[in-house]
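# Per-entry structural report
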Amino acid sequence: QVQLVESGGGLVQAGGSLRLSCEVSGRTFSHYAMGWFRQAPGKEREFVAAISWSGDTLYADSVKGRFTISRDNAKNTVYLQMNSLKPEDTAVYYCALRYYSATYSEGAYDYWGQGTQVTVSS
């Protein structure tokens, strides 16, 4: 069974930074891609960023230039560095895993973490 555990969320002022981490444990059968999604109160979950096993990245337009996704395959961990945070970035952030290529599509991911809250005050 594959498990994902997020950490690093918290409360930050607008313009500040946070780094989220997502550690993967359990048996993974092949190279896998990782994604970050978020869900704000009253809204649907949306794509934020994704990274392939080899490091190719995808970003939502709303976070391009502010967020950076990266991974350390030796540590089975993916990161989301969030800079220049805005109040509209407030959400629960989820990491997700799928085998093969990175994608924007939420339904393509096989495993999900429990989420970590990010709150950006104005």
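The following paragraphs examine the structure supplied in this document. No experiment lies behind these values; they were computed from the predicted model shown. (Residues numbered from 1 in each chain as written. Predicted model: local features only at pLDDT ≥ 70, side-chain atom pairs only at ≥ 80, totals over all residues. Heavy atoms only, no water.)

## Here's the deal with the pattern of salt bridges
Applied cut-off: Salt bridges are defined as contacts in which a side-chain nitrogen from Lys or Arg sits within 4 Å of a carboxyl oxygen from Asp or Glu. For every residue, the accessible area (1.4 Å probe, protein chains only) is compared with the maximum for its type, and the residue is labelled buried under 20%, exposed over 50%, or partly exposed between those bounds. Per the convention used, a helix needs a DSSP run of H or I reaching at least four residues, while a strand needs a run of E reaching at least two, with both numbered from the N terminus.
Following the criterion strictly, the structure yields five salt bridges and no others. The salt bridge partner of Arg-38 is Glu-46, with a shortest N-O separation of 2.7 Å. Residue classification places Glu-46 among the partly exposed positions, given a relative accessible area of 36%. When the shortest N-O distance is used, the salt bridge between Arg-66 and Asp-89 registers 2.8 Å. On the criterion of sequence distance, the pair formed by Arg-66 in the loop between strand 6 (57-59) and strand 7 (67-72) and Asp-89 in the loop between strand 8 (77-82) and strand 9 (91-99) is long-range, its members being 23 residues apart. Here the salt bridges do not stand alone but share partners, grouping Arg-38, Glu-46, Arg-66 and Asp-89 into one network.

## Examining the state of the cysteines
Using the following cut-off: A pair of sulfur atoms, both from cysteines and within 2.5 Å, is called a disulfide here.
Taken as a whole and assessed by the stated rule, the structure comprises one disulfide. The disulfide partner of Cys-22 is Cys-95, and the S-S distance across this bridge is 2.0 Å. Taking the sign of the S-S torsion, about 55° here, the bridge from Cys-22 to Cys-95 comes out right-handed. Taken together, the residues span a long stretch of sequence, with Cys-22 in strand 3 (residues 18-25) and Cys-95 in strand 9 at a distance of 73 residues. In terms of burial, Cys-22 and Cys-95 fall into one category: buried.

## Digging into empty space enclosed by the protein
This is how the line gets drawn: Using only the protein atoms, space was sampled on a 1 Å grid; points where a 1.4 Å probe fits but cannot get out form cavities, open sets with protein on both sides within 12 Å along at least five of seven lines form pockets, and lining residues are those with an atom within 4 Å of a point. Grid points are joined across faces, edges and corners, and a volume is the space filled by probe spheres set on the points.
Overall, the coordinates contain one cavity of 30 Å³ or more when judged by the stated rule. Within this model, the largest cavity holds a volume of roughly 40 Å³. In this structure, the largest cavity is lined by Val-24, Tyr-32, Met-34, Arg-71, Asp-72, Asn-73, Asn-76, Thr-77 and Val-78. Listed by contribution, the elements that provide at least two residues to the lining of the largest cavity are strand 4 (32-39), strand 7 and strand 8.

## A closer look at the environment of Leu-18
Tracing the backbone shows Leu-18 in strand 3. In this structure the C-alpha to C-alpha distance between Leu-18 and Asn-83, which are 65 residues apart in sequence, comes to 6.8 Å.

## Some thoughts on the environment of Ala-14
What counts here: Note on contacts: a residue pair qualifies if any of its non-hydrogen atoms lie within 4.5 Å across the two residues.
Relative to the helices and strands, Ala-14 resides in the loop between strand 2 (10-13) and strand 3. With a relative accessible area of 41%, Ala-14 lands in the partly exposed category. Measuring from C-alpha to C-alpha, the distance between Ala-14 and Ser-84 comes to 7.0 Å, with 70 residues separating the pair along the chain. Sequence-distant contacts of Ala-14, defined by excluding residues within four places in its chain, comprise Leu-85, Pro-87, Val-120, Ser-121 and Ser-122.

## Notes on the sheet that holds strand 3
Applied cut-off: For two strands to count as paired, DSSP must find a minimum of two bridges between them. Where helices are involved, their axes are fitted lines through C-alpha atoms of the stretch in contact, as for all axes, and angles between N-to-C directions lie from 0 to 180°.
The strand order 1-3-8-7 describes an open sheet built from four strands, whose pairing is antiparallel. Bordering the open sheet on either side are strand 1 (3-7) and strand 7, each of which pairs with just one other strand. Sheet twist, expressed as the average angle between the axes of neighbouring strands with direction ignored, equals 15°. Sheet topology places strand 3 next to strand 8; six bridges connect them, and they run antiparallel. Its bridge partner being in strand 8, Ser-21 is matched across the sheet by Tyr-79.

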